[in-house]
Amino acid sequence: TAAPSPAPTAAPTPVPTTAPTSTPTSAPSSAPTLAPTPMPTAAPTPAPTPAPTAAPTSAPTSAPTFAPTFAPTPAPSSAPSPAPTSAPTLAPTPAPSTSAPVSVTSPPTASTDVIENGGFEGSISPWYTNQATASLTTTSEAYSGLSAVLLSGRATGTWNSINQDMMGKIDAGVPYFISAWVKLSNTSSDRFKSTMKKTEDGETSYHTVATKMVNGNNWTLLQGEFTLSVTGNLQSLVFYVEGPAIHTDFYVDEVQVLAPTPVTPSPTPTSSYPSGPYVSAEEANQVIVIPDPPAPPAFTTRTDCPHFASELLDWHDPATWDGLVSPGPGNNVVLPENSKVLVSSSVLDIQGTITVPSSSELIFGEDTNGKIEFHANGFEVNGALVAGSETCLIEYPIEITLHGTRPADVVTNPPVDSYKGINVGGSLQLHGKQFHRTWTRLAKTAHAGDSVLMLQHPVNWEAGQDIILVTTAMKDSREWHQNEVLTIDALEENIPIGVGAVVYLTSPMAHTHLATYAYQAEVGLLSRMIKVQGSSTDSEPTDPDPGTCTYYTDPAYDGSNRRIYGNSDRPCPNTKLTGYGGHIRVHGSTSIGQIEGVELYRLGQTNVLGKYPMHFHMIGDCPSCYFRHSSVHRSFYRCVSIHGTHETHVTENVAYDVTGYCYYLEDGVEERNTISYNLGAHIHLLGPEAPWGNGQTTQLNYQSVDLTLPADVTAAAFYITNMHNNIIGNAASGGWAGFAFPTLHQPIGPNKNVN
């Protein structure tokens, strides 16, 4: 479900062993920049489909199912980094269910070279070429030693290559370090690629080990890693070097396929991290350059702190409530008119609905000795609800918990908007400490069992905060995924060259997450200083997915022969429909919402229209409105909805584990908004299942109490109904697709009559 619906453009077709008349089979020279392509199969279909037509039959394992197609190149020699005190890279790692390149470590110090005649000294045996008119000759134009091999006469395609049979030389489940020195002969610039061709149970697949653009007529190192996965009868395994355009001659020398000698790694000290090479932020995008979010301003003294203002009334002082209902368990509290009431410590009794009159403000302060907790059934804000300001970001934890059970008829007869929500017809000002960047990517592959992450960008994250390490497996569904929520133990002070940050974790990772020059796993910060959450006792779904449904074991089901990348598990239909978290709604032409540095957790109400974690509703033009530097996770319905609202900014946010469309332009009239530098991951569909079939045509889906918006059967991280908006630097993982651009012939919803 993480694969984009168009067919991958870089998937090779089988390489013929004699001179073919078919089209070239190697990947185009342009590399994808944002997402991995699925592993090619023996018979890719040109029509876009949600799943490959020749999916492997093996079930996913704990390792990534599919990986990007381009491997990294070595880091510059001027980028030294501390060597690890142990040798974890020498120990065997769990084999991925389909082997593919991962980030390149240095060659194993204790190893065996299983390639034959990798130096081409005096002969070319047992090397051969896969094209009749091509020829291999030894030449004195060597990288080292006395000779190298020259491949010439490449007359039919980029797949014309130098090959060696690897059957019996490579063991399954063991990572091999593979390198070769390459050089162009009769052109100045082209791309090289090294590949393993595997035939198993009659099906042939191609596994890119490494790829690199070579400029000039200099020797260049091509290196990567390969782990063989075998689930059936392995019939052939061939290694070859290919890539440059037709009629391009090239040299190859000093080929090595190194098998590590297993060692038992010693515990890694907290001051040790993996050595390079690393994928730096500058190298992460090969074809286009995505702009970076702006750096935060330098630290200045906080000013205009609302909780330090004069003439504040104290929530905890009985005199504040003279003549009014006092705070207490279940009490509906109305603030005094023309007042500013300060909450300076925790309110642990669950209040009823808190009403803020249009002339008043409810202000949260800071408890320098700990956290301020506030529990209520909801807020009706006609005045202002305030925590901090743009020049006074909150630096101590505030946690607002919304309580309320789900009515049985909530979809057709929803309660008032303040029920288990913050309903704002005035001003919402929540300003928490800024953490920058809110998300980045890995600079080096993180292996299962590791407890350190190498990041591409500097971060000011803190020990104890939670992060999301996004999957790099292709399948990403509730019943099978490899996303991991982890906790920061410490940040390294001595950062190696080529890395933005080194983050140590409190526990090891369960899965491997890739970082190659084509694709790197995203890492996002979930924790924030201000947190608004649904109660743990009445927010979670009461209809959990039992996790027992498969396509294979349901013969009465029309899709009983379906697989998703070799896995037959599927979400059980019409489950997890009762999630009932809190919600935030800013509405009306005179309202304003300014939210930054806030964590929204267990919010959203499944299938309840308008009850989303963050909802800008029918405000009209609001250039001063924003939702930024924040997070949304464990959402039961969407992330941020921009509805009938224009010129808002939704930027630098992290969303994870979300039901339905996430970042959402609701009716199609929303224009001039900026949706930038956001991450959306682990997005869940609603409805019986995701659409199947060839091309873009799906079955009809009708609105019901179980599916308020039929489009949610194809839920994606981004739902863009109007292109007159600024969509910049976002990333998506999971869902039926990453970005959805529905074509609306006219506006929908309350704006359906708008011209």
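What this report covers is the structure whose coordinates are included nearby. Small disclaimer: the values here were computed from a predicted structure and weren't measured.

1. Let's talk about the sheet that holds strand S24 (residues 466–469)
Then, in step 1: Strand order in the open sheet formed by six strands is S22-S27-S24-S25-S26-S23, with antiparallel pairing between adjacent strands. Bordering the open sheet on either side are strand S22 (439–441) and strand S23 (452–455), each of which pairs with just one other strand. Adjacent strand axes in the sheet meet at a mean angle of 35 degrees, parallel and antiparallel pairs treated alike.
Then, in step 2: The sheet contact formed by strand S25 (residues 484–491) and strand S26 (residues 501–505) spans three bridges and is antiparallel.

2. Notes on the packing of aromatic side chains
Then, in step 1: Summed over the entire model, instances satisfying the criterion amount to 18 aromatic pairs.
Then, in step 2: On the basis of an interplanar angle of 40 degrees and a centroid distance of 6.4 Å, the ring pair of Tyr-419 and Tyr-580 is categorised as tilted. Note that Tyr-419 is positioned in the loop between strand S19 (398–402) and strand S20 (421–424) and Tyr-580 in the loop between strand S28 (530–534) and strand S29 (583–587), a separation of 161 residues in sequence.
Then, in step 3: On the basis of relative accessible area, Tyr-419 is assigned to the partly exposed category, the value being 24%.
Then, in step 4: Ring geometry for Tyr-664 against Tyr-719: centres 4.9 Å apart, planes inclined by 20 degrees, an arrangement best described as stacked. One end of the pair, Tyr-664, is in strand S38 (residues 663–665); the other, Tyr-719, is in strand S41 (residues 716–719), and 55 residues separate them in sequence. For the pair shown, Tyr-664 and Tyr-719 are each scored as buried.
Then, in step 5: Through a chain of ring-to-ring contacts, three or more aromatic side chains come together here, namely Trp-315, Trp-321, Phe-364, Phe-374 and Phe-379.
Then, in step 6: Geometry around Tyr-626 places Arg-628 over its ring, the cationic atom sitting 3.7 Å from the centre.
Then, in step 7: Lying over the aromatic face of Tyr-664, Arg-638 brings its terminal NZ or CZ to 4.2 Å of the ring centre.

3. Things to note about the pattern of salt bridges
When the charged atoms of two side chains lie near each other, side chains of opposite charge can form a pair.
Then, in step 1: Scanning the model with the defined rule gives 22 salt bridges in all.
Then, in step 2: Here Glu-522 and Arg-441 are joined by a salt bridge, their closest N and O atoms 3.5 Å apart. Residue Glu-522 is found in strand S27 (residues 522–525), and its partner Arg-441 is found in strand S22; the two are separated by 81 residues along the sequence. Of the two residues, Glu-522 and Arg-441, both sit in the buried class.
Then, in step 3: Residue Arg-628 is joined to Glu-596 by a salt bridge in which the shortest nitrogen-to-oxygen separation is 3.1 Å. With Arg-628 in strand S33 (residues 626–628) and Glu-596 in strand S30 (residues 592–596), this pair connects stretches of sequence that are 32 residues apart.
Then, in step 4: Its relative accessible area of 22% is what places Arg-628 among the partly exposed residues.
Then, in step 5: Look at Glu-596 and you get buried, because its relative accessible area is 5%.
Then, in step 6: Overlapping salt bridges bring together Asp-621, Glu-647, Glu-671 and Arg-672 as one network.

4. Observations concerning the nonpolar core
Burial of nonpolar side chains together is a common tendency in soluble globular proteins.
Then, in step 1: One finds Trp-315, Leu-362, Phe-364, Phe-379, Ile-422, Leu-453 and Val-532 to be the most contacted residues of the largest nonpolar core, which totals 76 residues.
Then, in step 2: The greatest single-element share of this core, amounting to five residues, is contributed by strand S17 (residues 372–381).
Then, in step 3: Val-114, Ile-115, Val-149 and Met-166 belong to the second largest nonpolar core, which has 32 residues in total.

Rules of the game
- Residues numbered from 1 in each chain as written.
- Predicted model: local features only at pLDDT ≥ 70, side-chain atom pairs only at ≥ 80, totals over all residues.
- Heavy atoms only, no water.
- Pairing = 2+ DSSP bridges.
- Helix = DSSP H or I, 4+ residues; strand = E, 2+ residues; numbered from the N terminus.
- Axes fitted to C-alpha atoms, helices over the stretch in contact; angles between N-to-C directions.
- Phe/Tyr/Trp six-rings, centres within 6.5 Å; stacked < 30°, edge-to-face > 60°.
- Buried < 20%, exposed > 50% of the residue type's maximum accessible area, 1.4 Å probe, protein only.
- Lys NZ or Arg CZ within 6 Å of the ring centre and 35° of its normal.
- Salt bridge = Lys/Arg side-chain N within 4 Å of Asp/Glu carboxyl O.
- Core = buried A, V, L, I, M, F, W, Y, C linked by side-chain atoms within 4.5 Å.

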